[in-house]
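# Structural description and commentary
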Amino acid sequence: MHGIDPAFMSYQLAIDPAFKLVAQRCRKMSPDRAAEVKSQVQGLLDTGFIRELTYSTWLSNMVMVKKSNEKWRMCVDYIDLNIACLKDCFLLPNIDNMINSSSGYQVLSFLHAYSGATYQRLIAKVFNQQIGRNMEIYIDDMLIKTNEDSDLIKDLKEVGIEANPEKCQPILDMSSPWNLKEVQRLTAIKAQAMVDFLAETTHPNFDIPVWELHVDGASNVRCGGSRPHLNQRGRRGD
């Protein structure tokens, strides 16, 4: 990723040598899609995110997807390459523990970022001092949690949030919903549902369950290791 020191974090394709190289046959594309691909690829070249290769060992087609705002999202058909790559065994955070640790905070700020095991590993290193204290991260969802209203700006600055004015303007122009249907149309309904769930799960009168720790030492050709499992006593694990 451009701007990140390779010594801090880098990614290399872990291709299984048993797989043959695949060069996908070039697919036909309409003129408007081809023009958009050319524009977006040029932007990636200008920013130094990608570079040109004279002889590539793998060839994958571009796939253009129309977004809800009528703009194009450029994707790459990595099906063949994904099959040939070894599985990344970097464990994701436990979503239940994250929800429990986020209860009781006055302000929750929800952010949306990128996804992938390499990205998860990167942000785990970048926000090592914030995760668990005033921040939680799960795949492409980031949560900044603030104890007091007066600390919101301080927490946002610590995380290093930089707002995009173009994407903030629709929120500023948005009118308050007047009925249930309007609320359901909001893209932030998922965040609101999580806030409601946190409020419902912080009732002080509940029985503390007894847990049993088990270790799964199963392994396979692509991935191996020990993974802990917690089961509630008296119930069989799923």
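Before going into details, it helps to say that this report is about the structure given with it.

Thresholds applied
- Residues numbered from 1 in each chain as written.
- Predicted model: local features only at pLDDT ≥ 70, side-chain atom pairs only at ≥ 80, totals over all residues.
- Heavy atoms only, no water.
- Helix = DSSP H or I, 4+ residues; strand = E, 2+ residues; numbered from the N terminus.
- Patch = residues over 30% accessible without salt bridge, like charges linked within 9 Å, V, L, I, M, F, W, Y side chains within 5 Å.
- Areas by Shrake-Rupley, 256 points an atom, 1.4 Å probe, with all protein chains shown as cover.
- Salt bridge = Lys/Arg side-chain N within 4 Å of Asp/Glu carboxyl O.
- Buried < 20%, exposed > 50% of the residue type's maximum accessible area, 1.4 Å probe, protein only.
- Pairing = 2+ DSSP bridges.
- Axes fitted to C-alpha atoms, helices over the stretch in contact; angles between N-to-C directions.
- Contact = heavy atoms within 4.5 Å.

## Observations regarding unusual backbone geometry
Its identity is not glycine, yet E70 carries a phi of approximately 75°, on the positive side. Summarising the element assignment, E70 is placed in the loop between β1 (62-66) and β2 (72-76).

## Quick notes on a nonpolar patch on the surface
Taken together, the side chains of F19, I79 and I83 make up a nonpolar region of the molecular surface, amounting to roughly 280 Å² of accessible area. Topologically, I79 is positioned in helix α2 (residues 79-84). Residue class for I79 comes out exposed when judged on its relative accessible area of 53%.

## What to know about the pattern of salt bridges
Per the stated rule, a full pass over the model turns up six salt bridges. Two residues, E70 and K66, come together in a salt bridge whose shortest N-O distance is 3.6 Å. For the salt bridge of E166 with K71, the shortest nitrogen-to-oxygen distance reads 3.7 Å. With E166 in helix α6 (residues 165-173) and K71 in the loop between β1 and β2, this pair connects stretches of sequence that are 95 residues apart. A residue is classified by how much of its surface remains accessible, and E166, at 57% relative accessible area, is exposed.

## Section: the sheet that holds strand β5 (residues 141-146)
Overall, antiparallel pairing links the three strands, which are arranged β3-β5-β4 in an open sheet. The two strands at the open ends of the sheet, each matched to only one other strand, are β3 (107-112) and β4 (135-138). If you compare each strand with its neighbour and ignore which way they point, the axes differ by 15° on average. Note: β4 against β5, four bridges, orientation antiparallel. Of the residues in β5, the one forming a bridge with Y138 is D141. Against the sheet, helix α5 (residues 152-159) contacts β3, β4 and β5, and its axis sits at roughly 140° relative to β5.

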